[in-house]
Amino acid sequence: MCDSLSPGAARGERGALARAAVDARGANRPAAAQLRFDDGAPLALVASQPRLYCPGMTPDIATRVYNHSFRIDPIVRTLLDTDFYKLLMLQMIWKLHPTRRATFQLINRTTSVRLAEIVDERELIDQLDHARGLMFAKNELIWLAGNTFYGTRQIFEPAFIEYLARFRLPEYELTRRDGQYELRFEGLWCETTMWEIPALAIINELRARAVVRSMTRFDLDVLYARAKAKLWLKVERLRVLGKEGPLRVSDFGTRRRHSFLWHRWCVEAMQEGLGDNFIGTSNVKHAMDTGLEAIGTNAHELPMVYAALADSDEALRSAPYDVLRDWARMYDGNLLIVLPDCFGSTAFLEQAPDWVADWKGARPDSKPPVDGARELIAWWRARGRNPRDKLVVLSDGMDIDSIEEAVRRLRGLVSVSIGWGTNLTNDFVGCAPAGTDDDLRAISLVCKVVEAGGRPAVKLSDNPNKMIGPESEIARYRRVFGAAGVMPLPVLV
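From a predicted model like this one, the values you see are computed outputs, not experimental measurements. In this numbering scheme, every chain counts its residues from 1 along its sequence in written order. Local features in a predicted model are, by the rule used here, given only for residues with pLDDT of at least 70; side-chain atom pairs are given and counted only at 80 or more, and totals for whole chains, interfaces and linings are based on all residues. Heavy atoms throughout the structure, all of them, feed into the side-chain values; hydrogens and water do not.

Novice: Give a detailed account of the sheet that holds strand β14 (residues 361-362), specifying residues and quantitative values.
Specialist: Where strands meet in a sheet, backbone hydrogen bonds hold them as pairs that are either parallel or antiparallel. Pairing between two strands requires that DSSP report at least two bridges joining them. Elements are defined by DSSP. Helices are runs of H or I of four residues or more, strands are runs of E of two residues or more, and each kind is numbered from the N terminus. Spatially, six strands are ordered β12-β11-β16-β15-β14-β13 in an open sheet, and the strand pairing comes out parallel. The open sheet has two free edges, formed respectively by β12 (278-281) and β13 (337-338), since each of these has just one partner strand. Across three bridges, strand β11 (residues 249-251) lies against β12 in parallel orientation. Counterpart to Val-249 in the pairing with β12 is Phe-278. The contact criterion used is simple: two residues touch if any of their non-hydrogen atoms lie within 4.5 Å. With axes taken as lines fitted to C-alpha atoms, and helix axes fitted only over the stretch in contact, angles between N-to-C directions fall between 0 and 180 degrees. Against the sheet, helix α15 (residues 369-382) makes contact with β14 and β15 (391-394), and its axis sits at roughly 160 degrees relative to β15, the strand it touches most.

Here is the structure:
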């Protein structure tokens, strides 16, 4: 049964009643049907007659973008619109470090894009404030509590679900400097950690909205038609790759997506085009709505905080492995995926206790994908493990070319899973009308922990261009961990 298109297109929930309304942006536009979210924010749709919404069907995105005739069109519509690894990590933080404080900060690595000159400050504040007013819905909590993730039923403890039922995003601090926004989140680690994904999604979508705002209805039609065709050509190449042998691809594109609705379209296109070769999405909301698996394990945030709290060089050297011990207290099986590159992959592997080699797999995140995977394969062999029993997750700046190369070169050596991010959900290069193409090009925008317990947090990476932290602390970490295997590379998105 189909309902009139409602938050189902954006929230996957019940239909709403459509009514005609005059477009406030100009009499030359037709009347637009308007729907409202539960919080009262309207969802503008196609004019003349309401479109029907059926499960698995996305709206006319060009019309949806064109009809912005209301005060605020929420970018983050639910706290479930986040990545699954954030919830897994949050449960660990809540359980083991409930009073620890940590500060997160927005960092724009693409400094040539002056975000504060593109994104309207009032719009940004409105979106951030809207996100702060959200709480997990009852049906979302029931889904989290009762669903099976990674083969484990009730992976989230009842007490943690009760914590989520009361959860709200904490306060933020917003300033401007040198054409950039300085957006910081200070407070309890178990609260500030949850700002990472919504903050990034908000900034990226507001930037996209600022660009498309000047486009005509036909410009938008062409833009999204080209982007859809571009993605579908990639899907067809992946179909060929899947016919050649094993293929596992998942969506990792929440953080730097073009928009929520475009993200949904991409997920449904992958689901339709790849079938069982598309194994899931990191986005928890989309997973719930589409019936896909929620995908994700852990991130650099954990070793960065543990290292910041270390009181000696010895404790600092041990911090990455302390994280793994604590993670293994919470999770097992396919959630035991090592992230080796926070302070340098080569040093991590050389110094790793032997039990680390028993984990299911690893995610090399800042070396060229094939090089990072081959280093892991050699390490597993040296530790007496069979690489064919292991899983390598490749997710750093993957595009269709690097996916094809990595899968073909690594088949038969190790199991490979692709986490496809920005180049899945925000690739509009060559799609925009003349003069605006670069304005829609994805940028390297991150939201990282910068302090923990009043101490600076550091990330070294295998790529020095991704380093984060004060120079004095970076030098100390380099002294402790060394620089083996480190190589400067362009920062991919």
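That shown, we press on.
Novice: An account of the packing of helix α9 (residues 217-244) against helix α16 (residues 400-410) is requested, with residue identities and associated values reported.
Specialist: Contact geometry of α9 with α16 gives a least axis separation of 11 Å together with a crossing angle of 5 degrees. In terms of orientation, α9 lies roughly parallel with respect to α16. Touching Lys-234, Arg-237, Leu-238, Val-240, Leu-241 and Glu-244 of α9 are Ile-400, Asp-401, Ile-403, Glu-404, Val-407 and Arg-408, all from α16. Should an angle fall under 35 degrees it is called roughly parallel, over 145 degrees roughly antiparallel, and 65 to 115 degrees roughly perpendicular, with every other angle called oblique.

Novice: Now, about the pattern of salt bridges: what can you tell me, with residues and values included?
Specialist: Between Lys or Arg on one side and Asp or Glu on the other, a salt bridge is scored when a side-chain nitrogen of the former is within 4 Å of a carboxyl oxygen of the latter. Enumeration according to the criterion identifies 39 salt bridges in this entry. Here Arg-329 makes a salt bridge to Asp-326, at a shortest N to O gap of 3.1 Å. Pair noted here: Arg-329 and Asp-326 are both in helix α13 (residues 313-330), with a separation of three residues, about one helical turn. Between Arg-385 and Asp-358 there is a salt bridge whose closest N-O contact spans 2.8 Å. Placement of Arg-385 in the loop between α15 and β15 and of Asp-358 in the loop between α14 (345-351) and β14 is noted, with a sequence separation of 27 residues between them. Among the residues examined, Arg-385 registers a relative accessible area of 16% and is labelled buried. Shared partners join several salt bridges into a network, and the residues in it are Asp-73, Arg-77, Glu-205 and Arg-209. Any residue under 20% of the maximum accessible area for its type is buried, any over 50% is exposed, and the rest in between are partly exposed; the area is computed with a 1.4 Å probe on protein chains only.

Novice: How would you sum up helix α10 (residues 260-274)? Please name residues and give values.
Specialist: Because each turn of an α-helix spans 3.6 residues, side chains separated by three or four positions end up pointing in the same direction. When the terminal C-alpha atoms of α10 are compared, their 21 Å separation across 15 residues agrees well with the 21 Å that a helix rising 1.5 Å per residue should span. Directly beyond the C-terminal end of α10, a positive phi value near 60 degrees is found at Gly-275. Multiplying 1.5 Å by the residue count of a helix minus one yields the expected span of that helix.

Novice: I'd like a rundown of the sheet that holds strand β10 (residues 180-188), residues and numbers included.
Specialist: Strand order in this open sheet of five strands is β9-β10-β6-β17-β18, and the pairing throughout is antiparallel. At either margin of the open sheet sits one strand with a lone partner, and together these are β9 (173-177) and β18 (455-456). In this sheet, β18 lies alongside strand β17 (residues 445-452) in antiparallel orientation, the contact comprising two bridges. Directly across from Ala-452, in β18, lies its bridge partner Arg-455. Strands in contact with helix α4 (residues 121-132) are β9 and β10; relative to β9, the strand with the most contacts, it is inclined by about 160 degrees.

Novice: For the side chain of Asp-365, give the residues involved together with the corresponding values.
Specialist: When you line up the elements, Asp-365 lands in the loop between β14 and α15. Residue classification places Asp-365 among the buried positions, given a relative accessible area of 10%. Reaching out from Asp-365, the side chain makes a polar contact with the side chain of Arg-363 at a distance of 3.2 Å. When residues no more than four places from it in sequence are discounted, the contact partners of Asp-365 are His-300, Leu-339, Asp-341, Ser-395, Asp-396 and Lys-466. In the analysis that follows, any N or O atom pair within 3.5 Å is treated as a polar contact, provided that within protein one partner can donate a hydrogen and the other can accept it, and provided that, for residues neighboring in sequence, both atoms belong to side chains.

Novice: So, the packing of aromatic side chains: which residues are in play, and what are the values?
Specialist: Here is the rule: rings of Phe, Tyr and Trp (six-membered ring for Trp) pair when centre to centre is within 6.5 Å. Planes less than 30 degrees apart are stacked, more than 60 are edge-to-face, and the remainder are tilted. As enumerated under the stated definition, the model contains 22 aromatic pairs in all. Judged by centre distance (5.3 Å) and plane angle (80 degrees), the ring pair of Trp-143 and Phe-149 falls under edge-to-face. Between the aromatic rings of Tyr-224 and Phe-428, the centroid separation amounts to 5.9 Å while the plane-to-plane angle is 90 degrees, which identifies the pairing as edge-to-face. Residue Tyr-224 is located in helix α9, and its partner Phe-428 is located in the loop between α17 (422-425) and β17; the two are separated by 204 residues in the primary sequence.

Novice: Break down the pairing of β17 for me, with residues and values.
Specialist: Among the eight residues of β17, seven are classified as buried, and the element is accordingly described as predominantly covered. Relative to β17, strand β6 (residues 101-108) runs antiparallel, the two sharing seven bridges. Among the inter-strand pairings, Thr-103 is bridged to a residue of β17, identified as Glu-451. Linking β17 back to β18 in an antiparallel pair, the connection comprises two residues, with Gly-453 at a positive phi of about 60 degrees.

Novice: Account for unusual backbone geometry, naming residues and giving values.
Specialist: One non-glycine residue, Tyr-150, adopts positive backbone phi at about 50 degrees. Positionally, Tyr-150 belongs in the loop between β7 (148-149) and β8 (152-153). Notably, Ser-461 is not glycine yet its phi reads approximately 75 degrees, a positive angle. Mapped onto the elements of the fold, Ser-461 is located in the loop between β18 and α18 (471-481). Ser-461 sits in the buried class, given a relative accessible area of 0%.

Novice: Explain the environment of Leu-241 residue by residue, including any values.
Specialist: Relative to the elements of secondary structure, Leu-241 occurs in helix α9. The exposure class assigned to Leu-241 is buried, which follows from its relative accessible area of 0%. With 162 residues separating them in the primary sequence, Leu-241 and Ile-403 have C-alpha atoms 9.3 Å apart. In this structure Leu-241 touches Leu-247, Ile-403, Glu-404, Val-407, Arg-408 and Arg-411, once residues within four positions along its chain are discounted.

Novice: Residues and numbers for the pairing of β15, please.
Specialist: Residues Leu-391 and Val-393 of β15 are buried on one face, and the alternating residues Val-392 and Leu-394, pointing to the opposite face, are buried as well. As judged from the two bridges shared by β14 and β15, these two strands associate in the parallel manner. Bridge pairing in β15 links Ala-362 to Val-392. Following the backbone out of β14, through α15 and into the adjacent parallel β15, one traces a crossover that is right-handed. Two elements, β15 and strand β16 (residues 415-420), share four bridges in a ladder whose sense is parallel. Of the residues in β16, the one forming a bridge with Leu-391 is Ser-415. By the criterion used throughout, a crossover qualifies as right-handed when its path from the first strand across the helix to the second strand runs clockwise, the strands pointing away from the viewer. On the question of chirality, the crossover connecting β15 to the parallel β16 by way of α16 is right-handed.

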